[in-house]
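The chain contents come next:
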Amino acid sequence: QVQLVESGGGLVQAGGSLRLSCAASETFARFYRMGWYRQPPGKQREMVATIDNLDNTDYADSVKGRFTISTDDAKGAMYLQMNTLKPEDTAVYYCSAEPYGLEPTYWGKGALVTVSS
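Undergrad: Is there a simple way to explain the nonpolar core in this structure?
TA: With 30 residues, the main nonpolar core has Trp36, Met78, Leu80, Met82 and Tyr93 as its most contacted residues. Secondary-structure elements contributing two or more residues to this core are β3 (18-24), β4 (31-39), β5 (46-52), β7 (67-72), β8 (77-82), β9 (91-99) and β11 (111-116).

What follows is the structure, encoded as structure tokens:
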């Protein structure tokens, strides 16, 4: 069972920055794509950013130019650098890992990010 653990959430003022980290219990080579998703209060979970095994990235329109996804395979870690945060970025942020084959996507338990105005 793959374990994903997020860290780095917290309270920040609008315009500030935070960096989320995701630590995986297995090598990233097992996954063809990893990503960050978020669930704002009272809303559905949505994609924030993804990165695949060729380092191709994809971002939600709402975070383009402000957020950056990256991985450090040697450390088994994935990051989400979030700059110029807005109150609408307030959400629980989840780390995901999609294995090759028929295994389901793995999810972390989430990290709360609160942006105050």
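Undergrad: What should I look at first to understand the side chain of Ser96 in this one?
TA: Note on placement: Ser96 falls in strand β9. Residue classification places Ser96 among the buried residues on the basis of a relative accessible area of 1%. Residues contacting Ser96, with those up to four places away along its chain left out, are Leu4, Met34, Gly35, Tyr37, Met78, Thr105, Tyr106 and Trp107.

Undergrad: Which parts of the structure should I look at to understand the packing of aromatic side chains?
TA: How two aromatic rings sit relative to each other is set out by the distance from centre to centre and by the angle between their planes. Applying the stated criterion across every chain yields a total of 2 aromatic pairs. With centroids separated by 6.0 Å and ring planes inclined at 50°, the aromatic side chains of Tyr32 and Tyr100 adopt a geometry described as tilted. Here Tyr32, found in strand β4, pairs with Tyr100, found in the loop between β9 and β10 (106-107); they are 68 residues apart in sequence, far enough to count as distant. What makes Tyr100 partly exposed here is its relative accessible area of 43%. Directly above the aromatic system of Tyr79 lies the positively charged group of Arg19, at a separation of 4.2 Å from the ring centroid.

Conventions used here
Residues numbered from 1 in each chain as written. Predicted model: local features only at pLDDT ≥ 70, side-chain atom pairs only at ≥ 80, totals over all residues. Heavy atoms only, no water. Core = buried A, V, L, I, M, F, W, Y, C linked by side-chain atoms within 4.5 Å. Buried < 20%, exposed > 50% of the residue type's maximum accessible area, 1.4 Å probe, protein only. Helix = DSSP H or I, 4+ residues; strand = E, 2+ residues; numbered from the N terminus. Contact = heavy atoms within 4.5 Å. Phe/Tyr/Trp six-rings, centres within 6.5 Å; stacked < 30°, edge-to-face > 60°. Lys NZ or Arg CZ within 6 Å of the ring centre and 35° of its normal.

Function cannot be read off these values alone, since they describe shape.
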